[in-house]
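Okay, here's what each chain looks like letter by letter:
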Amino acid sequence: MVYDMVMEALFGLVCSRFVYGLVSMKNKLGRTFGDPVKKTTIVSIFLAILFILLGMGR
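Described below are features of the structure shown in this document. None of the values given here were measured: they were computed from a predicted structure.

Glancing now at the overall build of the protein. Within the protein, the regular secondary structure consists of two helices and zero strands. Expected size for 58 residues packed as a compact globule is a radius of gyration near 10 Å; at 17 Å, the protein overshoots this value by more than 25%. In terms of principal-axis extent, the alpha carbons of the protein reach across some 50 × 30 × 15 Å. For the protein, buried positions account for 0% of its 58 residues. Split by element, the accessible area of the protein, about 5500 Å² in all, is 73% carbon and sulfur.

Structure (structure tokens):
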């Protein structure tokens, strides 16, 4: 019972930090790159490089 409450609180904190990170990144990228095509291109290239370096992918 106590374990469940601790895990719920932990997951809630992690989830709120994740959502905060998504919102702040969206706002930051929106201010930096006004054009949605540029924003999508830059983020896609960044993710492709990150996945290649981490050895992840299909």
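Examined against the element boundaries, Pro36 turns out to sit in helix α2 (residues 36-54). Counting along the chain gives 20 residues from Pro36 to Ser16, while the straight-line C-alpha distance between them is 26 Å.

Tracing the backbone through its elements, the reader meets Lys39 in helix α2. Residue classification places Lys39 among the partly exposed residues on the basis of a relative accessible area of 25%. Between the C-alpha atoms of Lys39 and Lys26, which are 13 residues apart in sequence, the distance is 9.7 Å. Setting aside residues up to four positions removed in sequence, Lys39 forms contacts with Leu29, Gly30 and Phe33.

Let us now look at the environment of Asp4. Secondary-structure assignment places Asp4 in helix α1 (residues 2-32). In this structure, the C-alpha to C-alpha distance between Asp4 and Leu53, residues 49 residues apart in sequence, is 37 Å.

The rules behind the values
- Residues numbered from 1 in each chain as written.
- Predicted model: local features only at pLDDT ≥ 70, side-chain atom pairs only at ≥ 80, totals over all residues.
- Heavy atoms only, no water.
- Helix = DSSP H or I, 4+ residues; strand = E, 2+ residues; numbered from the N terminus.
- Rg over C-alpha atoms; globule rule 2.2 N^0.38 Å.
- Buried < 20%, exposed > 50% of the residue type's maximum accessible area, 1.4 Å probe, protein only.
- Areas by Shrake-Rupley, 256 points an atom, 1.4 Å probe, with all protein chains shown as cover.
- Contact = heavy atoms within 4.5 Å.

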